[in-house]
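Here is what each chain is made of, one letter per residue.
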Amino acid sequence: MASTGSNINWPPIEGIISDLDGVVYRGSTVIADAIEAFTRWQKVGVPFCFVTNNSTHTPEDVVRKLRGFGLAIAPSEVVTSAITAAELIRTNYPQLTRVYVIGAPSLVTAMRDVGLEVTERTPEVVVMGLDRDITHEKMRIAVEAILNGAVFIATNADLLLPTASGFEPGAGATIAAVAAATQVQPSIVGKPQVPMIETALSRLGTNRASTIMIGDQVPTDIQAGKRAGLATVLVTTGVPMRQDPSLMAPDFIVSSLRDVEVSAARAARPQQRRA
């Protein structure tokens, strides 16, 4: 059973991996408690890295957004699903070069930055992320390519995204439609899969046993953290928690990141390389 409330006996915490949407902000609205918490952790020397399934922003976009909320970070402290998807194609399918992209300009840029050709003509890979300008024609091209043998990769499977006023459909909603039409399930690089978590761990250089994963969604953030062997913290500021006994439960549940205790004494410990 998860520990809840403000009286949790927190384990040593020497590194933090965290989601963004629903944890630090909701759309364009800041979650003030979260900014206060990350600012405090930054001051006592606890390293952190943000991991986001949102492929519509570059790390530089995230840096600018957080700076506007009063938190100064570097691009290296952000891992996106767009960058992870591009790296996966280059690593796992080095012979494939032509990619059809459904997603934001940042997803297209991530593909081109690793030398891939973004095209509608006989693509060898279809990559799908959040596209707020999705059309039937875009989906038709993707379906046709996949049925002709193209590799199907998705940035994430999030069905809902928190906004300032409620929720909007996530990338997972349209990805599910293409998967249903083709009867082909995509390789998903974002949470609940672990590639982004492993990248964040390598950047932090902290021990896995003393690094926590913070998120607002059990099916994505918490599952990714648990699969990566991290202690997980669910913060109830984002997508409402739905009971699902098939999913691994978070280790801790808090209503505010103010409740997460990271002491200066713990932060001052020498960093260990991750396990």
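If you look the protein up in an unreviewed UniProt entry, it shows as HAD-IIA family hydrolase from Bradyrhizobium zhanjiangense. Per its UniProt entry, the protein bears the Sequence similarities (unreviewed entry) comment "Belongs to the HAD-like hydrolase superfamily."

Colleague: I tried to follow the packing of aromatic side chains on my own but got confused; where do I start?
Modeller: When we look at a pair of aromatic rings, we describe it by the centre distance and by the angle of the planes. Taken as a whole and assessed by the stated rule, the structure comprises 6 aromatic pairs. Ring centres of Trp 10 and Phe 252 lie 4.7 Å apart, and the angle between their planes is 40°; on these two criteria the pair is classed as tilted. With Trp 10 in the loop between strand 1 (3-4) and strand 2 (15-18) and Phe 252 in strand 16 (residues 252-254), this pair connects stretches of sequence that are 242 residues apart. The exposure class assigned to Trp 10 is buried, which follows from its relative accessible area of 3%. Classification of Phe 252 as buried rests on a relative accessible area of 10%.

Colleague: Looking at this structure, how should I read the pairing of strand 15 (residues 231-235)?
Modeller: A regular strand places its side chains so that they alternate between the two faces of the sheet. The buried fraction of strand 15 is high, at 4 of 5 residues. Examined bridge by bridge, strand 14 (residues 211-215) and strand 15 share 4 bridges and lie parallel to one another. From the neighbouring strand, Ile 212 faces strand 15, where its bridge partner is Ala 231. Chirality of the crossover, the property in question, places the unit of strand 14, helix 8 (residues 218-227) and strand 15 among those that are right-handed. Pairing between strand 15 and strand 16: 3 bridges, direction parallel. When the sheet's bridge partners are listed, Leu 234 is paired in strand 16 with Ile 253.

What counts and how
Residues numbered from 1 in each chain as written. Predicted model: local features only at pLDDT ≥ 70, side-chain atom pairs only at ≥ 80, totals over all residues. Heavy atoms only, no water. UniProt positions renumbered as here; feature names shortened; annotations may be inferred. Phe/Tyr/Trp six-rings, centres within 6.5 Å; stacked < 30°, edge-to-face > 60°. Helix = DSSP H or I, 4+ residues; strand = E, 2+ residues; numbered from the N terminus. Buried < 20%, exposed > 50% of the residue type's maximum accessible area, 1.4 Å probe, protein only. Pairing = 2+ DSSP bridges. Right-handed = clockwise from strand over helix to strand, strands pointing away.

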